[in-house]
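Working through the structure, step by step
The residues making up each chain are set out below.
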Amino acid sequence: MVGLQTTYLLDWPIRSIGLFGLLGAVLPMTFGMAYLLLPAYVGTTLATPRLPGVHLVISYAGAAVLVAGQLTTLPRPLVTAGASLWSLGVACFLAALGATIVPVLRADPSVVIRSRDRPQRSTRAATATVPFAILYLAIGTIALLARASSIPVIPATSIPGVVHFYAVGFAALLIISLGTRLLVGFFHVVPPRPLTWGALGGGVVAPALIAGSFWRGPLFQVGAVVLSFSVICYLGMVAIVAVRTDRRRVGLLGVLAGAFAGAGGVFVAATVAISGEDAWLLEAHVPLVLDGFLLLTIIGYAYEFFPIGTGQFTGASDRIGLATLVTLGFGVVLRAVEPLLGAPVVGDVGATLGIVGTSIYAYVLTRRLVGIHAG
């Protein structure tokens, strides 16, 4: 995450920034969230606790090669090796979840709909969308391997298409799916059912349209509109929970700020898709979605799972947590408006704020997790 903010200062190409941030920051945090939550939703724990460590090491090795391949010209066998390493990491992820969840479902399929959350229909709908997120992850990985090895398994899928299979199909859909349950569990407010179903339904359909026809024809434009509808419904869910809950926690600010950034990001993307490519809009889209929607949301939920205010270390307070969210969020805003203003210094200030915010977050969360293991 800290490195991602630095890439803005280094003026990397926008596609390289997107790939670095997605493979280096967003997806590892999403994998961690899935490792933590999905087994718990079927009443068990991860069956292979060592596999996530293997996954992390080989995936980061593969990601480093893939990002380097975007920044410079590498021999194709090396790029193929990077894609293979990353894909092997994804296979570890799928194997770990499969070994954990499949035996439970075989023994008692009804376990996935048992929940104290209400209404149960929304819980079931949220649970039913999780396999689609896993499916998009698998499709994106196959497309990545096909692209790296020049084997047209999934025809005409570009690297940006792969990125959107991962970002929209896996990370965003999983955030919306799990968020539907987490909002109720953490804040004891049930969002209106139409908003929940709109967010989930649009989140399932949009990735196939966007990633499968990236910048090609009307399907891409329809996908952009559907995704906008989904994220706006998700924003409505989060906003209603924020207004109605009596549990004012620092993590909720991150989730709410992430939802607003997501709505801004998909609005920008839909504008580009419908009216044609516009350089400044695309440059605004990446920080709004990558740093704003995905990272702020994940950080917000991380603060809910691991409250830093209960830690016994320097800086263990909700004020510090709030400061990280505000600093990173303000940095996102500055980077989003910098292309419109045409003032690079504004973007540099935003990236610097991002470095400060993510560095503090890395410190407090690491100390919090170390405290948990030490206890």
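Quantities reported herein were computed from a predicted structural model and do not represent experimental measurements.

As for the overall build of the protein
Counting its regular elements, the protein contains twelve helices and zero strands. Taken from N to C terminus, the helices and strands of the protein fall in the order α-α-α-α-α-α-α-α-α-α-α-α. Its C-alpha atoms give the protein a radius of gyration of 20 Å, within 12% of the compact-globule value 21 Å for 375 residues. Each of the three principal axes of the protein carries a C-alpha extent, and together these read 50 × 50 × 45 Å. Sorting the 375 residues of the protein into buried and exposed places 51% on the buried side.

Thoughts on unusual backbone geometry
The phi torsion at Asp11 lies on the positive side, around 55°, for a residue other than glycine. Within the element layout of this structure, Asp11 appears in the loop between helix 1 (2-9) and helix 2 (14-41). Notably, His188 is not glycine yet its phi reads approximately 55°, a positive angle. With respect to the element layout, His188 can be found in the loop between helix 6 (159-187) and helix 7 (193-212).

Points about the packing of helix 2 against helix 6
Packing of helix 2 against helix 6 brings their axes to within 10 Å, and their N-to-C directions diverge by 35°. Like other packed secondary-structure pairs, helix 2 and helix 6 cross with a definite hand, here left-handed. Looking at the contact of helix 2 with helix 6, its residues break down into 21 nonpolar, one polar and two charged.

Let's talk about the environment of Leu182
By the secondary structure assignment, Leu182 is in helix 6. Counting along the chain gives 186 residues from Leu182 to Arg368, while the straight-line C-alpha distance between them is 21 Å. Those residues in contact with Leu182, other than ones at most four positions away along the chain, are Leu37, Tyr41, Phe187, Tyr301 and Phe305.

Concerning the packing of helix 6 against helix 8 (residues 217-244)
Look at helix 6 against helix 8: their axes get within 11 Å of each other, and the N-to-C directions meet at 20°. Considering their axes alone, helix 6 and helix 8 lie roughly parallel with respect to each other. The two elements helix 6 and helix 8 cross, and the hand of that crossing is left-handed. Taking contact as the criterion, the partners of Val168, Ile175, Ile176, Thr180, Leu183 and Phe187 in helix 6 are, on helix 8, Leu227, Ser230, Tyr234, Met237, Val238 and Val241.

Comments concerning the pattern of salt bridges
What the rule picks out here adds up to two salt bridges. In this structure, Glu304 engages Arg249 in a salt bridge whose closest nitrogen and oxygen atoms are separated by 3.1 Å. With Glu304 in helix 10 (residues 279-305) and Arg249 in the loop between helix 8 and helix 9 (250-275), this pair connects stretches of sequence that are 55 residues apart. In this structure, Asp291 and Arg335 form a salt bridge, with 3.5 Å as the shortest nitrogen-oxygen distance. Placement of the pair is Asp291 in helix 10 and Arg335 in helix 11 (residues 318-341), with a sequence separation of 44 residues. Arg335 shares its class with Asp291; the two are buried.

A closer look at the packing of aromatic side chains
Scanning all chains against the criterion turns up 15 aromatic pairs. Consider the rings of Phe31 and Phe170, whose centres lie 5.5 Å apart with planes at 40°: the pair is tilted. On the criterion of sequence distance, the pair formed by Phe31 in helix 2 and Phe170 in helix 6 is long-range, its members being 139 residues apart. Phe31 sits in the buried class, given a relative accessible area of 3%.

Section: helix 2
Bending of helix 2 peaks at approximately 40° at the position of Leu22. Across the 28 residues that make up helix 2, a large majority, 21, are buried. Downstream of helix 2 by one or two residues, Gly43 has phi in the positive range, about 75°.

Calculation rules
Residues numbered from 1 in each chain as written. Predicted model: local features only at pLDDT ≥ 70, side-chain atom pairs only at ≥ 80, totals over all residues. Heavy atoms only, no water. Helix = DSSP H or I, 4+ residues; strand = E, 2+ residues; numbered from the N terminus. Rg over C-alpha atoms; globule rule 2.2 N^0.38 Å. Buried < 20%, exposed > 50% of the residue type's maximum accessible area, 1.4 Å probe, protein only. Axes fitted to C-alpha atoms, helices over the stretch in contact; angles between N-to-C directions. Left-handed = near helix turned anticlockwise from the far one by under 90°. Nonpolar A, V, L, I, M, F, W, Y, C, P; charged D, E, K, R; others polar. Contact = heavy atoms within 4.5 Å. Parallel < 35°, antiparallel > 145°, perpendicular 65-115°, else oblique. Salt bridge = Lys/Arg side-chain N within 4 Å of Asp/Glu carboxyl O. Phe/Tyr/Trp six-rings, centres within 6.5 Å; stacked < 30°, edge-to-face > 60°. Bend = angle between axes of the 7 residues up to and from the residue.

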